[in-house]
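So the chains spell out like this:
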Amino acid sequence: MTSDLQALLRSLRVWDTELPSFDPGSAPDDPLPLFVEWFAAAVAAGQREPHTPSLATTDAEGRADVRTVMLHGADAAGWTFASHSGSAKGRQLAARPYAALGFYWPVQGRQVRVRGPVRTAPAEVAAADLHARSTGALAAALTGHQSEVLPSLTELERASREAWERARREPDAVVGSWTTYVLRADELEFFQGDAQRRHVRLQYRRTGPAWHRRLLWP
């Protein structure tokens, strides 16, 4: 089994398409416009689900955890995502309100890493965001119990069915545990892959109200 996995791994190639160039000298002083530009380029290039970064957190004992989330927005205040406050990520952020987001857009050989302190937005912000999304999103939130032990798939089917019925019946239903989190970046990295492994890495670090830029070795 191990040899089969190794053979598969060695057969795989990355970036078997033409990659865009990146001149860090033309990058803006603020990283947000560059993030928006790269995000739009990933969408235009046909990247699947470019808005689903990995979210890394640590628990109260300092043990790392990671999962995929959905980006709900990015502006001067920070990068936003949402979850139940009682979920694993919610409990971890309550104990250690610092996190990192990792975006990977292989269609263009690009990565963006964002990290910084995390705060919770007001409850009305979370409610407005949830109710602006699909019925399925509300049903998933109403199902609740995220990260808790599930007795059986039958129980999941029952709870999900009831949640869908309620979401259709009450499109403004309140989900008290649903929380919007805002990551205020103090460090970002823009990584442009290169087929010859001459990857370009541009790091932004916040120093007071301004950003400091520097290149990193690949």
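What comes next is a walk through the structure. Being a predicted model, the structure only gives us computed values, none of them experimental.

Our focus in this paragraph is the environment of T179. Checked against the element boundaries, T179 lands in strand 7 (residues 178–183). Put simply, T179 and Q146 are 33 residues apart on the chain and 13 Å apart in space, counted from C-alpha to C-alpha. Not counting the four nearest positions on each side in its chain, T179 is found in contact with F81, A82, S83, S85, T120 and A126. Polar side-chain contacts of T179 include one of 3.0 Å to the backbone oxygen of S177.

Most of strand 8 (residues 187–192) is tucked away: 6 of the 6 residues are buried. The pairing of strand 6 (residues 110–120) with strand 8 spans 6 bridges and is antiparallel. Bridge pairing in strand 8 places R113 opposite E189. Inspection of the sheet shows strand 8 paired to strand 9 (residues 200–207) by 6 bridges, in the antiparallel sense. If you follow F191 over to strand 9, its bridge partner there is R201.

One way to put it is that helix 5 (residues 135–143) packs onto helix 6 (residues 153–169) with a least axis distance of 8 Å and a crossing angle of 130°. Considering the angle they form, helix 5 stands oblique to helix 6. Crossing hand, helix 5 versus helix 6: right-handed. Here helix 5 contributes T135, G136, L138, A139, L142 and T143 to the contact with helix 6, which in turn contributes A159, S160, A163, W164, R166, A167 and R168. Looking at the contact of helix 5 with helix 6, its residues break down into 7 nonpolar, 4 polar and 2 charged.

Let's shift gears to unusual backbone geometry. Keep in mind that most residues, glycine aside, have a negative phi and that most peptide bonds are trans. Residue E49 is not a glycine yet carries a positive backbone phi of 45°. Following the sequence through the fold, E49 ends up in the loop between helix 2 (31–44) and strand 1 (54–58). Look at H145: it is not a glycine, yet its phi comes out positive at around 65°. By the element assignment, H145 lies in the loop between helix 5 and helix 6. You can call H145 exposed: its relative accessible area is 56%.

Evaluation of the coordinates by the stated rule reveals 11 aromatic pairs. A ring pair is formed by F35 and W79, whose centres lie 5.5 Å apart and whose planes are at 80°; its orientation type is edge-to-face. One end of the pair, F35, is in helix 2; the other, W79, is in strand 4 (residues 78–84), and 44 residues separate them in sequence. For W79, a relative accessible area of 4% translates into the label buried. Among the aromatic residues, those joined into a cluster by ring pairs are F22, W38, F190, Y204 and W211.

Rules used throughout
- Here the residue numbers are simple positions, counted from 1 along each chain's written sequence.
- Given that the model is predicted, a residue must reach a pLDDT of at least 70 before its local features are reported, and side-chain atom pairs must reach 80 or more before they are shown or counted; all residues, however, enter totals for whole chains, interfaces and linings.
- With hydrogens and water excluded, all non-hydrogen atoms of the structure serve as input to the side-chain values.
- Only DSSP runs of H or I reaching four residues or more are called helices, and only runs of E reaching two or more are called strands; each is numbered from the N terminus.
- In what follows, a contact means two residues having at least one pair of non-hydrogen atoms within 4.5 Å.
- In protein, a polar contact means a hydrogen-donor-capable atom and an acceptor-capable atom, both N or O and within 3.5 Å, with residues adjacent in sequence counting only if both atoms are side-chain atoms; elsewhere, any N or O pair within 3.5 Å suffices.
- Burial classes: relative accessible area under 20% of the type maximum marks a residue as buried, over 50% as exposed, and values in between as partly exposed (1.4 Å probe, protein chains only).
- Should DSSP find at least two bridges between two strands, the strands are regarded as paired.
- For helices, the axis comes from a line fit to the C-alpha atoms of the stretch in contact; other axes are also lines fit to C-alpha atoms, and the angle between any two N-to-C directions lies between 0 and 180 degrees.
- Put simply, angles under 35 degrees are roughly parallel, angles over 145 are roughly antiparallel, angles from 65 to 115 are roughly perpendicular, and the rest are oblique.
- Here is the rule for handedness: rotate from the far helix to the near one, and if that takes an anticlockwise turn smaller than a right angle the crossing is left-handed, while a clockwise turn gives right-handed.
- Any residue outside Ala, Val, Leu, Ile, Met, Phe, Trp, Tyr, Cys, Pro, Asp, Glu, Lys and Arg is labelled polar, Gly included; the first ten of those are nonpolar and the last four are charged.
- Within 6.5 Å between ring centres, the rings of Phe, Tyr and Trp (the latter by its six-membered ring) count as paired, and their orientation is classed by plane angle as stacked under 30 degrees, edge-to-face over 60, tilted in between.

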